Amino acid sequence: MNQPTETEGGALNSVGAEVESEDQQTDPLSIGRRIRFFRKKRGLTLNELGQEVGRAASQISTIENGKRETSVTLLAAIAKALKTDVSELIDPAPIDERQALELEAERNQASPMYSALGLPQVRIKSLPADALEAIVGLQRQLGEALERRAATPEEARRANRELRDRMREKNNYFADLEATAAELLDLVGYESGTVSQRQTALIAEKLGFSLHYVSDLPESTRSISDTANKRLYLPNADAAFDPRSHLLMSLAPHVLGYDSPKDFHEFLQQRVEANYLAAAILLPESAAVPMLEEEKKKRVLSVEHLRDMFGVGYEMAAHRFTNLATEHLGLPVHFMKVHNSGTIHKAYSNDGLPFPTDPLGAIEGQFACKRFTSRTVFRVADRFSPYYQYTDTPHGSFWCTARVLPGGDFAISVGVPFSHVRWFEGRESPIRSQSGCPDPSCCRQAPDDLAEKWEDQALPSARMHASLLAAVPPGAVPGVDDTEVYEFLERHSG
């Protein structure tokens, strides 16, 4: 344990003590409870202990109740009077189960959540054991209920916005994840070119995992890790397609040292970082950057070239381009994944493209402008060739390339401001669109003559599933059925 330090004001800085867990933390409350324990063990009253250390009984009581920090000098004097060591007084571990419950209850009562409820403070130390257990149990259930309530579409949009802000600050480039990907590739002897399926399986082997492709994986999961037996279960369907991506995203939590997420924000961050790591392995920085730099010199930059060179899907190639474009090529970029209904599912930009937002600042779930490339591409008959378009907006002109993904439900677009288009293949496109969004008259508000004629006579039936009105499934990992997962592992544990 670190030795306690004196702050400028002479008070013990409890942050300097090693914290073993969220339930075992050295703070004035835990120190006060330990002082009370050793005082009673010695049979001293508050007054008697106060006399030995030169303090009033009321001051000792305040310290024991955790309402006042104490200086190192006074703490040493108290330890001496109680025939113990300072290290015993600042040990974060509760003395016994009763004290552990008292500390948890006291900390809960001091939390912002409890204050917001406007409930009275309870004298914890005077409670009988069963009442104390009941109160702590209720506090735990309340906390869990509030966490479940937080897993709503509103919370999801807020978490998306916060994560996107962080991505923008970093230009969507994360050096630590790049370094981790490089280490894993070195581990399997990667030198250049496409990362083979065998090399991705070898990464799993080097990490100690055996791979098991099964047909009975629960519907709510895309993989399951048995950490006790170091087994990774993946769907048989992967064997018919490119299995590398799912495998790497399933290994990412182990590589990055994740625990089960505590909330939706942590869940989302872990998912995004797992996707990033998988892409950084399949499109290695060491190979992709020289290729992109050479293409920029020749003015033929293309997401398709990345896709074809490394044998990945268009969406992953587009994501990877945004990781590397600003950091290594000096290009501001934007990215959108849009459903054929017009709703935005994913979006990122550091180039000023105006995205629609809700009052929380969230983009996901909003309608992309009908004039944007990511929507006009759905109306193009030729889905084999890349589609290029210029779009004039109130924030300037932008060039984009877009593709409709297999299945036809989603389109991916990547683009740059007009001043940077000279580096890209497809810059000669004659197609030009004009967007006035976020002005409603651009594409979200019907023309006056049509509205005047039909607004009182039209009664459409929306093509929308009732499930869209439901909250995000509860739990830190939304939608996963724990019972199905545990039953699956039980079946395969033999």
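Structure shown above.
This section reports on the structure supplied with the text. Worth saying up front: this structure is predicted, and the values here are computed from it rather than measured.

About the criteria used
Residues numbered from 1 in each chain as written. Predicted model: local features only at pLDDT ≥ 70, side-chain atom pairs only at ≥ 80, totals over all residues. Heavy atoms only, no water. Helix = DSSP H or I, 4+ residues; strand = E, 2+ residues; numbered from the N terminus. Buried < 20%, exposed > 50% of the residue type's maximum accessible area, 1.4 Å probe, protein only. Core = buried A, V, L, I, M, F, W, Y, C linked by side-chain atoms within 4.5 Å. Contact = heavy atoms within 4.5 Å. Pairing = 2+ DSSP bridges. Axes fitted to C-alpha atoms, helices over the stretch in contact; angles between N-to-C directions. Parallel < 35°, antiparallel > 145°, perpendicular 65-115°, else oblique. Nonpolar A, V, L, I, M, F, W, Y, C, P; charged D, E, K, R; others polar. Left-handed = near helix turned anticlockwise from the far one by under 90°.

## What about the environment of Asp-481?
Link 1 in the chain: Mapped onto the secondary structure, Asp-481 falls in the loop between α19 (448–454) and α20 (482–492).
Link 2 in the chain: Relative accessible area serves as the criterion here: at 32%, Asp-481 is assigned to the partly exposed category.
Link 3 in the chain: In this structure, the C-alpha to C-alpha distance between Asp-481 and Glu-219, residues 262 residues apart in sequence, is 8.9 Å.

## Re the nonpolar core
Link 1 in the chain: Core analysis: the largest hydrophobic core is formed by 68 residues, its most contacted members being Ile-281, Leu-301, Leu-306, Phe-310, Phe-321, Leu-331 and Phe-424.
Link 2 in the chain: Take this core: its biggest share by element is 11 residues, from helix α14 (residues 264–282).
Link 3 in the chain: Those residues in contact with Leu-306 that sit more than four places away from it in its chain are Leu-283, Ala-288, Met-291, Leu-292, Ala-317 and Phe-321.

## A word on the pairing of strand β6 (residues 387–393)
Link 1 in the chain: Taken across its seven residues, β6 has seven buried, putting it largely inside the fold.
Link 2 in the chain: Of the two faces of β6, the one holding Tyr-387, Gln-389, Thr-391 and Thr-393 and the one holding Tyr-388, Tyr-390 and Asp-392 are both buried throughout.
Link 3 in the chain: Here seven bridges tie β6 to strand β7 (residues 396–404), and the two strands are oriented antiparallel to one another. Across the sheet, residue Thr-393 finds its bridge partner in β7, namely Gly-396.
Link 4 in the chain: Taking the residues that link successive antiparallel strands as the turn, the β6-β7 hairpin has two residues.
Link 5 in the chain: As defined by bridge partners, β6 adjoins strand β9 (residues 432–434) across three bridges and the pair is classed as parallel.

## A short note on the sheet that holds strand β2 (residues 224–226)
Link 1 in the chain: With mixed pairing, the three strands of this open sheet are ordered in space as β1-β3-β2. Each having just a single partner strand, β1 (210–214) and β2 make up the two edges of the open sheet. Each strand of the sheet is rotated relative to its neighbour by a mean of 25 degrees, with strand direction disregarded.
Link 2 in the chain: Taken together, the five bridges between β1 and strand β3 (residues 231–235) define a ladder with parallel strand orientation. Bridge pairing in β3 places Ser-210 opposite Arg-231.
Link 3 in the chain: The sheet strands contacting helix α13 (residues 244–255) are β1, β2 and β3, and the helix crosses β3 at an angle near 145 degrees.

## Some thoughts on the packing of helix α2 (residues 46–53) against helix α3 (residues 57–64)
Helix-helix packing is described using two parameters, namely the angle between the two axes and the distance between the axes.
Link 1 in the chain: In contact at an axis separation of 8 Å, α2 and α3 are set at 105 degrees when each is read in the N-to-C sense. Compared by their axis directions, α2 and α3 come out roughly perpendicular. Facing Leu-46, Asn-47, Leu-49, Gly-50 and Val-53 of α2, the residues of α3 in contact are Ala-57, Ile-60, Ser-61 and Glu-64.
Link 2 in the chain: Taken together, the residues of the contact of α2 with α3 break down into five nonpolar, three polar and one charged.

## A word on the packing of helix α15 (residues 285–298) against helix α16 (residues 303–310)
Link 1 in the chain: Contact geometry for α15 and α16: axes closest at 11 Å, N-to-C directions at 140 degrees. Every pair of crossing elements has a handedness; the one defined by α15 and α16 is right-handed. Contacts from Ala-287, Ala-288, Met-291, Leu-292 and Glu-295 in α15 reach His-305, Leu-306, Met-309 and Phe-310 in α16.
Link 2 in the chain: Grouping the amino acids of the contact of α15 with α16 by side-chain chemistry returns seven nonpolar, one polar and one charged.

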